[in-house]
Amino acid sequence: MVGEERVARYGMVIDLDRCNGCGACMTACAVENNIPPAQPRVNERTGLTSMRVHRASNHRGFPDHEEVFIPISCQHCGEHTPCMSVCPQNAVDVNPLTGVVSQIPARCLGCRYCMAACPVHARYFNWFDPEWPEGMERTLNPDVSVRMRGVVEKCNFCHSRYQAAKAKAAAAGSREIDPADYVPACVEACPSGAIVFGDLSDPESDVALAAKSSDAFRLLESLGTDPKVYYLSEREWVRRLGGADVTRDSLEVHRG
Amino acid sequence: MDKTLILRGVRRCSTGRFLAWLTPWTLLLAVGLFALGLCLVRGLNQTNMDNRFAFGLWIFLDLAIIALGAGAFFTGFLLYILRKDDLRAVINSAVVIGFICYSGAVLVLMVDVGQPLRAWFTFWHPNTHSMLTEVTFCITVYLTVLAIEYAPILLRNRQLRKVPSFLVFEGELHKVMPVFAAVGAFLSFFHQGSLGGLYGVLQGRPFAFREGFAIWPTTFFLFILSALATGPAFVLVSTWIVSKVSRKQLVKPHVFSLLAKISGWLLIVYVGLKSVDTLVWLNRTAPQSGANPVQFYAWQPFATWLLFVEIVLLGLLPALIFLSAKRRQSMKWLITGSLLACGGVVVNRFVMTIQTLSLPTLAFEPFMLYWPSWQEVATFLAVVAYGVILYSLSFRYLTLFPQERELQRGGGAS
Amino acid sequence: MIPGVYEFSWSAGHIIFLGIFYGVITLVLATIVVASFRSLKSGRAGRAEAMLWHLDFEDLSPEARRCRHELSGETRSRECPNGFDCRRCAVHPQFLAARGESADPMEEQRIGGFLLPADRSYHRGHTWVRRGDDGEVTIGLDDLGSHLIGKPDQIDLPAPGSRLAVNGTAWELLKNGSSIRVLSPVDGIVLRHGSPGDDWMLEVAPADDDLSHLLSPSEARSWMLREVERLHLSLSTGFAGGALADGGVPVDDLSTEIPPGEFDQVCGLMFLQP
């Protein structure tokens, strides 16, 4: 099977110099993936945010103070995928044809070991039963299954859109999808065009070219997990934020 | 009233007093079961765990009681395989405590997972690369073995032994007990280790990640060793507590000494290896992941004092106490040493679970703390109450301490 | 897990891991099955009573398990390794041979206030056996046993035709809420029950003539001395040891004098049911 189809490595490049923290990607992701409205007791530590925008600064005073917004979703690690190797039920699938790391909610036990294993905390647990107010069920995306309480979920690069692209290509008699047909929700929603998505193994794709840029970096590269999400910034202090040495920043205690 | 169920030749308090003793624990159990019910019915939002603290009080305490419950398999191994016959005095109690610890841990785990009814999925879709699969298999089978080891103790009850089929079955089980002791030791070795392996393989968490031997990180071996070292200490402390509460002498003093000596030797080896491992981790493993070791201890209350407490105060100190023959003769020192050793293993499990999750892995993340909710605490207290109730029933109606009668008669002072 | 389902495939890791686990599980189950089968076999062979005695014997204190030859002064210190079944003992015949023929005293003795008639043999469970003329034996409770129980609240005798085994249950007594199984001194079949006027409880057709596990009247003397000592110790409370005054004789019904809480314990000690 692998020999017949071209093996793709879908990835993203996010330009942090363009991201203004608007959160459109987060909203689009929530809409696309049927995230239920948060119940009153949900806080920023128990919500479902498969795409989540973080905020950081260079910790300098005026006039040198600078900030950056960093959208983080699952990084779709390619090497020793931490979440996949630890799941006791094999509920994490690393697709050999696309490189996309997906969660299988129907098989997930909810043990949350994968959440402990993920270095970027990109996995989210359904602490609550999903509930939609009367009438809101009409906003549900029919292509994406709703998850139940007690399972883990995360970004899967909008797998339903990939399947739609494949279906369209198959209807047209082609085995290969048209890259323009497969655009995840966050990419589509970003007003600054900060997110570029595509097949990293295609040397001519925008995403592959951007990933090769000298301003490109990945989060926690030193851990050796080979993530497929790259970030761009001309600012050196931003590029350093991807390192595993946290002593440069984040020295305040936050009590949750 | 229940005199005929109690072994002749031992003194037990009146039925009324026994019921009075059980009452507060039953109430605690009831409250805890209510909290447990809330978590099952309403979901894990009843706890204070969150996406950052995916593991909380329950996992930490589960690891701790499994480590302490290691006394069961280790005492069995020492008695049936290495033939240290002195330990016959405590083996029954150790088995009951082991059963309580493991059954309690499994109960809490069933609440801790989001979908308890899917627990069998691990057996049907096993991921052989995952330490947690190994833990699941091992603990399930081991709990069965513990139940099998509990059965003869139960069947020897004064009235139950009169039933001929029970009696004969108990006799046959007793003959094959070394098989179960060996299987128990094998399984325990692996699951104690895999529980350590759970954290040692986390590449994404430089605080927990360790290098290792083949597929097993050093935490695999360190967890086994710390469990073996503190198992006898916990048997010692629990026997002492039971003897204080029941106001009876239950074992001859030299049994305590033996337990302490075994614990002492294992502890000192553990402290040595743990220190080496810590140094290698701080100087090589963590920097290789790109992390700066300073970040592991940069935030209160998890600063370097915790490391010192874990290894020196609660590791080296009890080892030295236990290795001193003079101190082993004194009950005060034995109990102090045991409490320190058990405390050490609890702190170690705490550090590997809670501290690991509290530390930021990304430069722009905060350090976070978490406080368990009352439902979490109550659920755990339900397990403690269950343990006390089951142990009390076993102590009253079964022979947990074979030397008790002899000691009560005034014989066997040693 | 089944090959072919959702891209599952067997790898070396699967084979090793699952192989070990299902191997261990099979071992555990097989052991249980073997133990169950063996117990069914033992159960059918009627070995339950023997096993119960074995358990009870193990639970006895070392003082209660002294070999008869230690009690009679023939050897220093020896604990019985055979559950008081001297027929199976390797060294018992040697002791008998060394002893040679000794004249049994023909008159009855009184030890510590308890009668020991000379026309019978004694079992360590405080029963006696008297040979009849026609090969049958009669069995009764000895004087210490009778004094201890007094008049029982209830007696459960085995039906004529039932089988008795040495150290198994002969009959059951109920007194003051305590249930005592009187141990059988012989193997055999129950023939008749004794009437209220008889000094015996059961008439039994013995399975064989070998009564070597029973104590002769001269041996019974030193045994009874020890038993009286055990009785005194069990009646004393605290750690003072034997603190009862010497020289007295036991009252007719000890059960009325012993506090009810201790009565059960004393009976258990004396009738070898710990």
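Not measured: the values here are computed from a predicted model. (Residues numbered from 1 in each chain as written. Chains lettered and ligands numbered in written order. Predicted model: local features only at pLDDT ≥ 70, side-chain atom pairs only at ≥ 80, totals over all residues.)

Draft legend 1. Quick look at the overall build of chain C. If you tally the helices and strands in chain C, you get eight helices and 11 strands. In chain C, buried positions account for 32% of the 274 residues. Sequence separation of 24 or more characterises 57% of the internal contacts of chain C that already satisfy a separation of 6 or more. (Helix = DSSP H or I, 4+ residues; strand = E, 2+ residues; numbered from the N terminus. Buried ≥ 20, exposed ≤ 12 C-beta atoms within 10 Å, placed from the backbone. Contact = placed C-beta atoms within 7 Å.)

Draft legend 2. Structural detail: the interface of chain C and chain B. Each partner contributes to the interface: chain C provides 30 residues, whereas chain B provides 31 residues. Secondary-structure elements contributing two or more residues to the side of chain C that touches chain B are helix 1 (12-44), helix 2 (48-59) and helix 8 (260-270) of chain C. For the side of chain C that touches chain B, the element with the highest residue contribution is helix 1 of chain C, accounting for 17 residues. Broken down by class, the residue content of the side of chain C that touches chain B amounts to 16 nonpolar, 11 polar and three charged. (Nonpolar A, V, L, I, M, F, W, Y, C, P; charged D, E, K, R; others polar.)

Draft legend 3. The arrangement of the sheet that holds strand 7 (residues 163-164) of chain C in detail. Residue and element names in this part refer to chain C. Strand order in the open sheet formed by six strands is 3-4-5-11-10-7, and the pairing between neighbours is antiparallel. Both edges of this open sheet fall to strand 3 (121-123) and strand 7, since each of them pairs with a single strand only. As paired elements, strand 10 (residues 188-193) and strand 11 (residues 202-206) share five bridges and run antiparallel to each other. Its bridge partner lying in strand 11, V190 is registered against V204. (Pairing = 2+ DSSP bridges.)

Draft legend 4. Region of interest: the sheet that holds strand 1 (residues 10-15) of chain A. Residues and elements named next belong to chain A. Pairing in this open sheet of four strands is mixed, and the strands run 8-1-10-9 from one edge to the other. In the strand order of this sheet, the two ends are held by strand 8 (195-199) and strand 9 (216-217), each with one partner. The pairing of strand 9 with strand 10 (residues 229-232) spans two bridges and is antiparallel. Residue A216 lies in a different strand from strand 10, and its bridge partner there is L232.

Draft legend 5. Region of interest: the nonpolar core. C114(A) and I195(A) are the most contacted members of the largest nonpolar core, which totals 201 residues. Residues L60(C), L144(C), V186(C) and M270(C) belong to the second largest nonpolar core, which totals 38 residues. (Core = buried A, V, L, I, M, F, W, Y, C linked by C-beta atoms within 7 Å.)

Draft legend 6. Representation of the interface of chain A and chain B. Each partner contributes to the interface: chain A provides 57 residues, whereas chain B provides 47 residues. Among the secondary structure elements, those contributing two or more residues to the side of chain A that touches chain B are strand 2 (52-57), helix 2 (82-86), helix 3 (113-117), strand 6 (124-125) and strand 11 (253-255) of chain A. Among the elements that take part in the side of chain A that touches chain B, helix 3 of chain A stands out by supplying four residues, more than any other. The residue makeup of the side of chain A that touches chain B, split by class, is 28 nonpolar, 18 polar and 11 charged.

Draft legend 7. Up close: the pairing of strand 8 (residues 169-175) of chain C. Residue and element names in this part refer to chain C. Bridge count between strand 6 (residues 154-156) and strand 8: three bridges; the pairing is antiparallel. The residue bridging Q154 from the neighbouring strand is L174, located in strand 8. As paired elements, strand 8 and strand 9 (residues 178-183) share six bridges and run antiparallel to each other. The partner of T169 across the bridge, within strand 9, is L183.

Draft legend 8. Here's a closer look at helix 9 (residues 218-246) of chain B. Residue and element names in this part refer to chain B. Counted at 1.5 Å a residue, the expected span for helix 9 with its 29 residues is 42 Å, and the 42 Å between its end C-alpha atoms agrees. Remark: the principal bend of helix 9, roughly 30°, maps to T230, with a proline, P232, within the next four residues. In terms of burial, helix 9 is a largely internal element, 22 of the 29 residues being buried. (Expected span 1.5 Å × (residues − 1). Bend = angle between axes of the 7 residues up to and from the residue.)

Draft legend 9. Here's a closer look at the environment of R88(C). Residue and element names in this part refer to chain C. Structurally, R88 is set in the loop between helix 3 (68-71) and helix 4 (92-99). On the basis of neighbour count, R88 is assigned to the exposed category, with 10 C-beta atoms found within 10 Å. The spatial distance from the C-alpha of R88 to the C-alpha of A48 is 19 Å, given a sequence separation of 40 residues.

Draft legend 10. Layout of the pairing of strand 4 (residues 127-131) of chain C. Residue and element names in this part refer to chain C. Relative to strand 4, strand 3 is paired through three bridges, and the arrangement is antiparallel. Looking at the pairing, H123 lines up with T127 of strand 4. The turn joining strand 3 and strand 4, which pair antiparallel and follow one another in sequence, is formed by three residues; a positive phi near 65° is taken by H126. Across five bridges, strand 4 lies against strand 5 (residues 137-141) in antiparallel orientation. Bridging from a neighbouring strand, R131 pairs with V137 of strand 5.

Draft legend 11. Summary view of helix 4 (residues 88-112) of chain B. Helix length check: helix 4 of chain B (25 residues) gives 36 Å between terminal C-alpha atoms against 36 Å at 1.5 Å per residue, within 8%. The element helix 4 of chain B is largely enclosed, with a buried count of 19 among its 25 residues.

Draft legend 12. Representation of the arrangement of the chains. Among two pairs of chains with at least one contact, chains A and B form the most extensive contact set. Between chain A and chain C there is no contact, and the shortest C-alpha to C-alpha separation is 10 Å.

Draft legend 13. Seen up close, the packing of helix 2 (residues 57-68) of chain B against helix 14 (residues 374-397) of chain B. Residues and elements named next belong to chain B. With their axes 10 Å apart at the nearest point, helix 2 and helix 14 run at an angle of 25° to one another. Classified by the interaxial angle, the pair formed by helix 2 and helix 14 is roughly parallel. Both helix 2 and helix 14 take part in a crossing whose hand is right-handed. When helix 2 is examined against helix 14, the residues L57, W58 and L61 are found in contact with a partner set consisting of E376, V377 and F380. Tallied by class, residues from the contact of helix 2 with helix 14 come to five nonpolar, no polar and one charged. (Axes fitted to C-alpha atoms, helices over the stretch in contact; angles between N-to-C directions. Parallel < 35°, antiparallel > 145°, perpendicular 65-115°, else oblique. Left-handed = near helix turned anticlockwise from the far one by under 90°.)

Draft legend 14. Quick peek at the environment of F60(B). Here F60(B) shows up in helix 2. Counting along the chain gives 191 residues from F60(B) to V251(B), while the straight-line C-alpha distance between them is 32 Å.

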